[in-house]
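Residues per chain, in single letters:
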Amino acid sequence: MNTILNYVFTYPRIPVFANGSFKLLNIQADKVMIGLLLLQWFIATFITSILYDTYYYGFFGGGLIVVPIMILYPFLKGDNFYRYFIAIAMMLFSVIFIQQYLGRIEMHFHVFITMAILTLYKDIFPLLAAALTTTFHHIVFNYLQLYEVSLFDMPVMVFNYGCGFDIVLLHAIFVVSEFLVLGYLIRLQREHNVDLNIARNKVSELNKELRHTSLHDSLTGLPNRLYLNQQIEKVKQYADEHSKKFAIIFLDLDHFKNINDTLGHDVGDALLQTVANILRNNVNKNDLITRIGGDEFIIVVSDFEHDDELLPIIINLLTEFRKELLIKGYSLRLSSSIGVSIFPDDSSSIRELMKYADIAMYNAKADGRDNFSFFTQSLNKKIHNEVDIINDMQRAFYDNEFKLYYQPKVDVKSKKIIGAEALLRWIHHEKGLIGPDVFIPIAENTGFMLSLGKFVIQESSMAIRRFSDLGHNDLKVSINISTRQFQNTDLYHDLKDELSKNGVNPKQLGIEITESIMIQHIKKTLSTLQEIKNLGVSIYIDDFGTGYSSLSYLKKFPIDTLKIDKSFVDDINEDGKNDEILLSTILAMGKSLGLDVVAEGVENEFQYDYLREQGCDIIQGYYFAKPMPEEEFIKLLREENL
């Protein structure tokens, strides 16, 4: 018996991936059952009234069964408990029908039909609930019939011949037998459905695997040309809808065929896998990397506003491919040629963009390989110039082509030189003097400014030492600190180490920062500036008035000197009508805060006269001297002392 019960009640577990399928089946079954309940309510209310005057009983009894089930449907549909409620409700209608027909035994077939219908759930427990409900209501009604209890002026009857419990027991045996048979059938149905879902899942997984294989390169795992064609259409659609750009970067390995021919295809394959990893590690995850065949790769870069933003990606890739690679015991040096086309600047056609990127790549190869080319010639020329400057800056740094020039700072009252601003200049071995407006912005963007910034600190400290050795112990030299330098280096220790190393009095050095530096990471900036101030180094606010001028910043930060931007000095009129210019207000504000004020860009005598009248402390500009090499500056100091 236990074996039979275990066999009936033991069902194959529903796999997680099949839960949704089974729940959908149960919801559909719920709808069928509710339809049957409504039909039975109709029968109990109207059909039975044709033969018997029991429609009140049928209507109210059926309503008590059907209405709660319908109310619960939105909340419990597909749920286990809802199936049990429906099973009980279906069985309770057999009570109504038997009672309405005054115990006609033929209505007991309703029990077996209903239990058979419940097999739709493919679950043994609704069937069990139905069997228990049937047994329970037969016992109760048989008891009520024995004591001649009435409902709606109608005697309660379960059987219309005899009232013995032997009939109830006999009927229970039939119910249990039906339950066991139907339980076995449900088990078989469950097994079939689970197997079917497992088969479907395997097919689905296989389809996914086949789809992945069809859309990806088997060697590198990167998406292939087919995937590229599918995705780039989506990228184009998004770019069209949001007025965005995207770039196609065509990358080809230089002389890859030689590696295959000399070292073998196994080395070539391993190299391609390494190349794929290099691309994954150096390209944004949101960008698309594909291998379209052989040693050719296409990268689709989106979500950029300015074409210059592509430069770091390209330079980084070229640099990575120049590094030595260890492949299967061979030390290989690789290079690549890159072509770039941009949507919609070069074309709005994907076919043309692909062609243009390919053309640009071959232009890069024609230019000597290990290079890149933009299809747009104007942009191509501009970016190539920047790359030439970047490469040349690296060389120039090690060839000592960067020098410090010094522009004197002059006391307004005495017209004596009291200091200088150290300015970085590039003396190119072929092109001569290259202005800071050419190389400083590029150095800032590429991070090379960090190396140049340390160089300026080192050189200025040594220069101050030399000035002091010549007797200029009170001469103060200021240097410019860039935003990147301030944020990315330990500025305090760099200054402290160089001053200590050269035996320089910290009071002879000043740093010039812009207002934009002050408002970034205020707490950290304030802490760093306070450390530098405690060291004895002076702090200047450069180009004051052009940025985020605020009295609260000037009071909060340890500032010594304001440097008024040249644009305010240019506002001084030669005819003397200067009542409305802002310069006088800035000078007055600096004085009220107890700060020294330096005016930059003084080029004419009338500007000098006005500044002297307004109480400006120090001036700097071509009126006295241009920036000059250290030797000329020292000569100027000597002439002044004669």
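You'll find the structure just up there.
Here is what the cut-offs are and how they apply
- Residues numbered from 1 in each chain as written.
- Predicted model: local features only at pLDDT ≥ 70, side-chain atom pairs only at ≥ 80, totals over all residues.
- Heavy atoms only, no water.
- Helix = DSSP H or I, 4+ residues; strand = E, 2+ residues; numbered from the N terminus.
- Buried < 20%, exposed > 50% of the residue type's maximum accessible area, 1.4 Å probe, protein only.
- Areas by Shrake-Rupley, 256 points an atom, 1.4 Å probe, with all protein chains shown as cover.
- Pairing = 2+ DSSP bridges.
- Axes fitted to C-alpha atoms, helices over the stretch in contact; angles between N-to-C directions.
- Patch = residues over 30% accessible without salt bridge, like charges linked within 9 Å, V, L, I, M, F, W, Y side chains within 5 Å.
- Salt bridge = Lys/Arg side-chain N within 4 Å of Asp/Glu carboxyl O.
- Parallel < 35°, antiparallel > 145°, perpendicular 65-115°, else oblique.
- Contact = heavy atoms within 4.5 Å.
- Nonpolar A, V, L, I, M, F, W, Y, C, P; charged D, E, K, R; others polar.
- Core = buried A, V, L, I, M, F, W, Y, C linked by side-chain atoms within 4.5 Å.
- Polar contact = N/O pair within 3.5 Å; in protein donor to acceptor, adjacent residues only side chain to side chain.

1. Notes on the overall build of the protein
Phase 1: Helix and strand counts for the protein come out as 24 helices and 18 strands.
Phase 2: The buried share among the 642 residues of the protein stands at 47%.
Phase 3: If you sum the accessible surface of the protein, you get close to 32,600 Å²; carbon and sulfur atoms cover 55% of it.

2. A few points about the sheet that holds strand β8 (residues 336-343)
Phase 1: With respect to topology, 5 strands assemble into an open sheet ordered β4-β5-β3-β8-β9, the strand pairing being mixed. Each edge of the sheet is formed by a strand with only one pairing partner; in this case those strands are β4 (288-293) and β9 (371-374). For this sheet the average axis-to-axis angle between neighbouring strands, irrespective of direction, equals 20°.
Phase 2: Sheet analysis places strand β3 (residues 245-253) next to strand β5 (residues 296-304), joined by 8 bridges and oriented antiparallel.

3. A look at a nonpolar patch on the surface
Phase 1: A surface patch of nonpolar side chains, amounting to about 380 Å² of accessible area, comprises Leu39, Phe42, Phe46 and Ile47.
Phase 2: The class of Ile47 is partly exposed, set by a relative accessible area of 37%.

4. Here we look at the pattern of salt bridges
Phase 1: One pass over the structure, following the stated rule, counts 26 salt bridges.
Phase 2: In this structure, Asp217 and Arg291 form a salt bridge, with 2.9 Å as the shortest nitrogen-oxygen distance. In this pair, Asp217 sits in the loop between α7 (165-215) and α8 (225-242) while Arg291 sits in strand β4, placing the two residues 74 residues apart along the sequence. Like Arg291, Asp217 is buried.
Phase 3: Asp399 is paired through a salt bridge with Arg395; the nearest N and O atoms lie 2.9 Å apart.
Phase 4: For Asp399, a relative accessible area of 43% corresponds to the partly exposed category.
Phase 5: The class of Arg395 is partly exposed, set by a relative accessible area of 25%.
Phase 6: Where salt bridges share partners, they join Lys409, Glu421, Glu512, Lys563 and Glu600 into one cluster.

5. What about the packing of helix α9 (residues 256-263) against helix α10 (residues 265-282)?
Phase 1: Interhelical geometry of α9 versus α10 gives an angle of 140° and a closest axis separation of 6 Å. With respect to α10, the element α9 is oriented oblique. On α10, the residues touching Phe256, Ile259, Asn260 and Leu263 of α9 are His265, Asp266, Val267, Gly268, Leu271 and Leu272.
Phase 2: Class assignment of the residues belonging to the contact of α9 with α10 gives a composition of 6 nonpolar, 3 polar and 1 charged.

6. So, the nonpolar core
Phase 1: Ranked by internal contacts, the top residues of the largest apolar core, which has 112 residues, are Phe402 and Ile511.
Phase 2: In this structure, Met90, Phe93, Ala130 and Ile186 belong to the second largest nonpolar core, which totals 38 residues.

7. Comments concerning the side chain of Asn224
Phase 1: Counting through the fold element by element, Asn224 comes out in the loop between α7 and α8.
Phase 2: A relative accessible area of 15% means that Asn224 is categorised as buried.
Phase 3: At a separation of 3.2 Å, a polar atom in the side chain of Asn224 contacts the main-chain amide nitrogen of Leu226.

All quantities given are derived from atomic positions and should not be read as evidence of function.
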